[in-house]
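The primary structure of each chain is shown beneath.
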Amino acid sequence: LYFRAAEVAAKYGSDPEWVEMLLKKAYEKDPAHADTAKHIEYLLRARKRYAELADFLRSKLPHVGDPQERAACLLELAYLELEHTGEPQRAEEHLKEAQRLSPGFEKTTILLVEAYTQQEKWEDLIALYENEYKNGANAEEMCLQLGMLWWKKVGDLDTAEQYFQKLRKGDNLPPLG
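Now for a description of the structure that goes with this document. Quick caveat, the model's predicted, so the values are computed rather than measured.

This paragraph deals with helix H9 (residues 139–154). Every buried residue belonging to H9 is among Ala139, Met142, Cys143, Leu146, Gly147, Leu149 and Trp150, and all of these are buried. The buried residues of H9 all sit within an arc of 160° when viewed along its axis, so they share a single face. The N-cap residue of H9 is Asn138: its side-chain oxygen and the backbone nitrogen of Glu140 are 3.2 Å apart. Looking at the residues trailing H9, positive phi occurs at Gly155, about 80°.

In structure tokens form, the structure reads like this:
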């Protein structure tokens, strides 16, 4: 009932604060109602209330049963924590769970790279890149990234040189073209 009232209020130009209050009441009554959650997310995102949006997504997680939907929610939450609320440790936890639910999703890897970089967790970043390299990711890019990390961030030029050597030789690299 609250959801329908919020829809009518929004349609006929009611005060946005009133619409938000109705949506939140609707969510309290039925947290599993997907449309209510989507409208609240949209409203908070449109108003750039990212900390509230992150809190809302955290409260939504226990009610998301589908693994793909849960992974998507975790990715959105991790993005907010990295880009808007400055919580890379929380983002890392959420990304690891998303990776377990939906392995091989490129956006998860991109956000994990950002989380590890913000926290200066170079060993974890190296492990992530090595795993990507072993699983057939762009070999040239992975060798370059690994070489640069070992050289610039860890200070191990000998290990870095092994990756740069692979680049020069073309070892394990796919043919160009």
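Leu95, Leu125 and Tyr129 are the most contacted members of the largest nonpolar core, which totals 46 residues. Considering every element that reaches this core, the biggest residue donor is helix H5 (residues 67–83), with seven residues. For Leu95, the residues in contact, after removing those within four places along its chain, are Leu75, Ala78, Leu82, Thr108, Leu111, Leu112 and Ala115.

A cluster of nonpolar residues, Leu144, Met148, Trp151 and Leu157, forms a patch on the protein surface that exposes about 360 Å² of accessible area. For the nonpolar patch, the leading source of residues is H9, giving three residues. Residue placement: Leu157 occurs in helix H10 (residues 157–169). Residue classification places Leu157 among the partly exposed residues on the basis of a relative accessible area of 47%.

In total, this model carries two aromatic pairs according to the counting rule given. Residues Trp151 and Phe164 carry aromatic rings whose centres are separated by 6.4 Å and whose planes lie at 85° to one another, so their mutual orientation is edge-to-face. Of the two residues, Trp151 sits in helix H9 while Phe164 sits in helix H10, which places them 13 residues apart along the sequence. On the basis of relative accessibility, which here comes to 14%, the residue Phe164 falls in the buried class. Here the guanidinium or amino end of Lys152 rests over the ring plane of Trp151, the centre of that ring lying 4.3 Å away.

Criteria and cut-off values
Residues numbered from 1 in each chain as written. Predicted model: local features only at pLDDT ≥ 70, side-chain atom pairs only at ≥ 80, totals over all residues. Heavy atoms only, no water. Buried < 20%, exposed > 50% of the residue type's maximum accessible area, 1.4 Å probe, protein only. Helix = DSSP H or I, 4+ residues; strand = E, 2+ residues; numbered from the N terminus. Arc of directions from axis to C-beta. Polar contact = N/O pair within 3.5 Å; in protein donor to acceptor, adjacent residues only side chain to side chain. Core = buried A, V, L, I, M, F, W, Y, C linked by side-chain atoms within 4.5 Å. Contact = heavy atoms within 4.5 Å. Patch = residues over 30% accessible without salt bridge, like charges linked within 9 Å, V, L, I, M, F, W, Y side chains within 5 Å. Areas by Shrake-Rupley, 256 points an atom, 1.4 Å probe, with all protein chains shown as cover. Salt bridge = Lys/Arg side-chain N within 4 Å of Asp/Glu carboxyl O. Phe/Tyr/Trp six-rings, centres within 6.5 Å; stacked < 30°, edge-to-face > 60°. Lys NZ or Arg CZ within 6 Å of the ring centre and 35° of its normal.

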